[in-house]
Structures are given as C-alpha cells and as structure tokens.
Amino acid sequence: MQCDKCGEDAVMHAAYSGLHLCESHFRRSVESRVRRRIRDDALISDTATGENPETWLIGLSGGKDSVVLTHLLHETFAADPRIELVALTIHEGIKGYRDASLDACLELTDDLDIDHEVVSYADEYDVEMDSVAEDDPLGMAPCAYCGVFRRDALSRHAEEYGADKLLTGHNLDDEAQTAMMNLLSGDVRQVAKHFDASLGSFNHREVDDDPFVPRAKPLRDIPEKEVALYAHLAALPVHMAECPHSSEAYRGEIQEHLYELEDGHPGTRHSIMSGYEELARLAAEAYRGDENAPRGECDRCGAPTNNEVCRKCELVDAVGGELPSDD
C-alpha cells in the first residue's frame, strides 16, 4: 500500500482513521499528536520563563513508552529555556529485567544529555521485588505491591527534586483500560481522582491543594502499537521484555476485550477516552472538597492519608522492609 500523503510505501495502516502512512508521515503524525496533547493539556505554565523555568521529571523505565516520551520531549523542548527535563529510573530489584532496561535508560539519557537519577527499592524500602513476589505475605499479585512502591517513589522524588510536573509514558491503550476498570468498578470518586491526578487539562484541574506533584501523560492519544512502531523506526534504545512478575489478571481481561472491540469497531479506544474524560471532569467538579479526600499525614512517613499509617508503610511492614532513617 502507498502513503495517502505522498505515495511512498506505507509502513502502517491506522484503521481508526483509515490512513496509510509512510515512515516519515507516520512519525510526523505521532509527534504532532503528542505536541497537540501538550498544548491541549496546558502543560507549559504561563509563568514559565527562561529566568524561571519549569522542571519536568520523566518516569523513565527503559520500556518503549517512556523512551519514546523522553525522546519526543527532548526533541520538542531541548532548545526551549522555559522547560528543564530530568529523568528518574526506579530499580525494583528484578534480576535481569530491570538491569537490562536500566542500560537502555542510561544509553538514551547519555545520547540526549538529560539529567538522570536512579533510585532503588532496596535503598527506599529495604526490599527487592524478586523477594516480595516469592514471599507474597499478603497473597496479592506482585503488581499490587510494586504499584504502591513505584507511585510513592516517583511522587516523593519528584517533590524532592523540586519538579513542577511528573510525566509518565501511559499510552492510549493504558488509559482506555484504566477508564474501563474505573467505570466497571462503579467508583465515581476514583474516576474524579483520575481526572485531577493526571487526566484533565491543567486549565480544568484542581491542583493547588493537591499534596502531590501534578502528573501528565502526553502519550495518551497514541495507541500502544504505534508507540512501539515509532520506537523501532527511530532506532531508540528500548528494552522490550515484559516484567517476569507481571500478573494483572483483571487488566489483562479488559485489554483483551478492548482488542476485540477495536478490531470490530476501529476508534473504540478513542471514543472511550473522549467520553470518559468528560465524565471524569464532571465527577471531579462534583467531588472537589470531598470529606473523604486525604486530610492527615502518615505517622511513619508523613505522606497524605486519612489513616494513621499510609498504604505504602503498611506494605513495607508486611514485606519486612524498612524506611530509611532521617538521621
């Protein structure tokens, strides 16, 4: 097939748009959509200047999504004095898997000359995920422990680094899956939280009272397969292996259903997110100031929580870990 834009050989067919695109026009399409998302989400604050730049911390795992995100942000903002980029990689303690992806992170950040920080679960919580997955003291999927630890490490180090925003590489498939899981759970508060935490434009989000560094997801309009194709065509250093402990069974079921729907009805993921974002915005407006929002601090670490001890500290205790001393 030929590219609908120029007649060159096409490298992909986007069924949801009907377009066949060559390598050049495909890459331009991805870059254009990411930059439009950055504009639509108002990521660049009106107060950001060359004298007072914003710091954006990128959660860089070495996988295709975070590598493509880092590459595109650098392409877009390397010469923009209003934005400073820094990457943060978290080593969970998964033998072989994270070591290989860390190599990809180091190669990328060295090539792009981006500041790069590396932290580990061993240093942060005195645990490694290989041991947690093997012992599993609470009978949960490894992802249930790891997700809590990862979110805490990202948020805490973004705050310690003085970051204005925390950017992650969630793609369209990731967000559509999360949207469906939230809707099927019937938890409207979670839908509202999703909007203010990372989904809506900064023109519509309530972030002033948020105790966490606000998040953004510039890849959330790009299907997963297109992110992978972009990484391949751009010859980016990517670690493609999946985590050996990955076992999110419910998300996997949702993923399979969405694949089937997308095959039969191209554009389903985009439609889901378009409607979900509007519902999430309305839910966020309705629940702002909710008495169930975190009002206190964890007795152990000071993290926002309504309980005496936050979930992260509960899990650290359960797996026999220990938080570093302030001394």
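Refer to the structure presented above.
Since the model is a prediction, treat every value here as computed from it, not as a measurement. (Residues numbered from 1 in each chain as written. Predicted model: local features only at pLDDT ≥ 70, side-chain atom pairs only at ≥ 80, totals over all residues. Heavy atoms only, no water.)

Caption draft 1: Local environment of the side chain of Ser155. Mapped onto the secondary structure, Ser155 falls in helix α6 (residues 142-160). Taking relative accessible area as the criterion, Ser155 reaches 12% and is therefore assigned buried. Dropping the residues within four chain positions of it, Ser155 is found in contact with Leu166, Phe212, Val213 and Arg215. (Helix = DSSP H or I, 4+ residues; strand = E, 2+ residues; numbered from the N terminus. Buried < 20%, exposed > 50% of the residue type's maximum accessible area, 1.4 Å probe, protein only. Contact = heavy atoms within 4.5 Å.)

Caption draft 2: Focus on the nonpolar core. Within the largest apolar cluster, 39 residues are counted, with the highest numbers of intra-cluster contacts made by Trp56, Val68 and Leu73. Elements that contribute at least two residues to this core include exactly β1 (12-14), α1 (23-40), β3 (54-59), α2 (64-77), β4 (83-91), α3 (97-112) and α9 (224-233). Take this core: its biggest share by element is 6 residues, from α2. Trp56 has contacts with Ile38, Leu43, Ile44, Leu73, Phe77, Ile83, Glu84, Leu85, Val86, Lys165 and Leu167, leaving out every residue within four places of it along the chain. Judged by nonpolar contacts, the second largest core, of 26 residues, contains Tyr97, Tyr125, Val127 and Val213. (Core = buried A, V, L, I, M, F, W, Y, C linked by side-chain atoms within 4.5 Å.)

Caption draft 3: Representation of the sheet that holds β3. In spatial order, the strands read β5-β4-β3-β6-β7; together these 5 strands make up an open sheet with parallel pairing. One side of each edge strand has no neighbouring strand; the edge strands of this open sheet are β5 (115-120) and β7 (215-216). Sheet topology places β4 next to β5; 6 bridges connect them, and they run parallel. Within β5, the position partnered with Ile90 by the bridge is Val119. Running at roughly 155 degrees to β3, α2 makes contact with β3, β4 and β6 (165-167) of the sheet. (Pairing = 2+ DSSP bridges. Axes fitted to C-alpha atoms, helices over the stretch in contact; angles between N-to-C directions.)

Caption draft 4: Structural detail: the pattern of salt bridges. Taken as a whole and judged by the stated rule, the model has 23 salt bridges. Among the salt bridges present, the one from Lys64 reaches Asp65, with a minimum N-O distance of 3.5 Å. Both residues of the pair, Lys64 and Asp65, count as buried. Each of Arg37, Asp41, Arg220, Asp221 and Glu277 takes part in salt bridges that share partners, so that together they form one network. (Salt bridge = Lys/Arg side-chain N within 4 Å of Asp/Glu carboxyl O.)

Caption draft 5: Spatial organisation of the packing of aromatic side chains. Summed over the entire model, instances satisfying the criterion amount to 4 aromatic pairs. Look at Tyr121 and Tyr125: their rings are 5.6 Å apart centre to centre, the planes differ by 65 degrees, and that puts the pair in the edge-to-face class. Taken together, the residues Tyr121 and Tyr125, both in helix α4 (residues 121-125) and 4 residues apart, mark about one turn of the helix. Judged on exposure class, the residue Tyr121 and its partner Tyr125 are both buried. Their ring planes at 80 degrees and their centres at 5.7 Å tell us that Tyr121 and Phe149 sit as a pair that is edge-to-face. Here Phe149 lies in helix α6 and Tyr121 lies in helix α4, a separation of 28 residues in the sequence. Here the two residues Tyr121 and Phe149 agree in accessibility, since each one is buried. Within the aromatic cluster, the residues linked to one another by ring pairs are Tyr121, Tyr125 and Phe149. The cationic tip of Lys165 hangs over the ring face of Phe202; the distance from NZ or CZ to the ring centre is 4.8 Å. (Phe/Tyr/Trp six-rings, centres within 6.5 Å; stacked < 30°, edge-to-face > 60°. Lys NZ or Arg CZ within 6 Å of the ring centre and 35° of its normal.)

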